[in-house]
Amino acid sequence: RATIPLVVFETGTHKGRSTKAIVKALCENRCPARITTVDQYDYGVISDAKPSIFSDAELSRITKVVGKTPDILSSPELEHVQGIDFANLDGAHDGTIIDELNWVESRASNNCLVVIDNVLDDCWSEMTAALKTYTKYPRITLYTMCGYELIWMKK
């Protein structure tokens, strides 16, 4: 909520837990913010079907795209995503994280915060190794259970 993003991009929708937290904050900020979320599978959590974990107000702010990164990033379905203020990257967990970061950078606002999950998880060593090569912007690691990387794409 503190960063008050207007354009949010997420990879790794899965069951929608992070999407729910983000879109709830967007609604609480009372600004016209939207989130576009991508996953290679449609788990059916972001739909008009009831019951839903999302309120109608939250659903109106969500665009769901089904496809695998990095291939889906060149899709016309994502052309509308411009001026990203906040990105939550929790998708492939492999070396293609760099492709996701480069795509976000190409569509980022002048002050974009990127959060990457699972950076300290031993199961994702390929992603961790790839992230060590990414030195374009200031970043810090939060030592949570699985680790979060925060990258500040300030242009």
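Quick notes on the rules
Residues numbered from 1 in each chain as written. Predicted model: local features only at pLDDT ≥ 70, side-chain atom pairs only at ≥ 80, totals over all residues. Heavy atoms only, no water. Core = buried A, V, L, I, M, F, W, Y, C linked by side-chain atoms within 4.5 Å. Buried < 20%, exposed > 50% of the residue type's maximum accessible area, 1.4 Å probe, protein only. Helix = DSSP H or I, 4+ residues; strand = E, 2+ residues; numbered from the N terminus. Contact = heavy atoms within 4.5 Å. Phe/Tyr/Trp six-rings, centres within 6.5 Å; stacked < 30°, edge-to-face > 60°. Pairing = 2+ DSSP bridges. Salt bridge = Lys/Arg side-chain N within 4 Å of Asp/Glu carboxyl O.

Asker: Hey, could you run me through the nonpolar core in this one?
Answerer: Note on soluble globular proteins: their nonpolar side chains tend to be buried together. In terms of nonpolar packing, the biggest core is built from 27 residues, with Phe9, Leu101, Val104, Val114, Ile116 and Met153 touching the most fellow members. If you list the elements that add at least two residues to this core, you get strand S4 (84–89), helix H3 (97–106), strand S5 (108–117), helix H4 (125–132) and strand S7 (148–154). Per element, the largest residue contribution to this core is 5 residues, and it comes from H3. With residues up to four places along the chain from it excluded, the contact list for valine 114 reads Ala87, Leu89, Leu101, Val104, Glu149, Leu150, Ile151 and Met153.

Asker: Before we go on, may I ask you to explain the packing of aromatic side chains in this structure?
Answerer: In this description, an aromatic ring pair is defined by two values, namely the gap between the centres and the angle between the planes. Following the criterion strictly, the structure yields 2 aromatic pairs and no others. Taking 4.6 Å as the distance between ring centres and 45° as the angle between the ring planes, the aromatic pair formed by phenylalanine 9 and tryptophan 103 counts as tilted. With phenylalanine 9 in strand S1 (residues 7–11) and tryptophan 103 in helix H3, this residue pair connects regions lying 94 residues apart in the sequence. Judged on exposure class, the residue phenylalanine 9 and its partner tryptophan 103 are both buried. Seen in terms of ring centroids, tyrosine 41 and tyrosine 43 are 6.1 Å apart; in terms of plane orientation they differ by 80°. Their pairing is edge-to-face. Overall, the relative accessible area of 48% leaves tyrosine 41 in the partly exposed class. Look at tyrosine 43 and you get partly exposed, because its relative accessible area is 34%.

Asker: Honestly, H3 in this entry has me stumped. Any pointers?
Answerer: Along an α-helix, residues three or four positions apart point the same way, because every turn accommodates 3.6 residues. With 7 of 10 residues buried, H3 lies mostly within the body of the structure. Within H3, the full set of buried residues consists of Ile97, Ile98, Glu100, Leu101, Trp103, Val104 and Glu105. Looking at the buried side of H3, the elements it contacts are S1, S4, S5, H4 and S7.

Asker: Just checking my understanding: could you explain the pairing of S7 for this structure?
Answerer: Side chains Glu149, Ile151 and Met153 project from S7 onto a buried face, and the interleaved Tyr148, Leu150, Trp152 and Lys154 project onto a face without burial. Pairing analysis gives 7 bridges linking S5 to S7, with the strands arranged antiparallel. Looking across to S7, one finds that cysteine 112 is bridged to methionine 153. In the sheet, strand S6 (residues 139–142) pairs with S7 via 4 bridges, with the strands oriented antiparallel. Paired with threonine 141 across the bridge in S7 is glutamate 149. Connecting the antiparallel pair S6 and S7 is a turn made up of 5 residues, with glycine 147 showing a positive phi of about 85°.

Asker: Which parts of the structure should I look at to understand the pattern of salt bridges?
Answerer: Two side chains carrying opposite charge are able to pair once their charged atoms lie near each other. Overall, the coordinates contain 6 salt bridges when judged by the stated rule. Its salt-bridge partner being glutamate 58, residue lysine 20 comes within 2.7 Å of it at the nearest N-O pair. Residue lysine 20 is located in helix H1 (residues 17–29), and its partner glutamate 58 is located in helix H2 (residues 56–59); the two are separated by 38 residues in the primary sequence. According to the relative accessible area criterion, lysine 20 is partly exposed, its value standing at 24%. Taken together, the salt bridges that share partners define one network made up of Arg1, Lys24 and Glu28.

So far we have only geometry, and geometry alone does not tell us how the molecule works.
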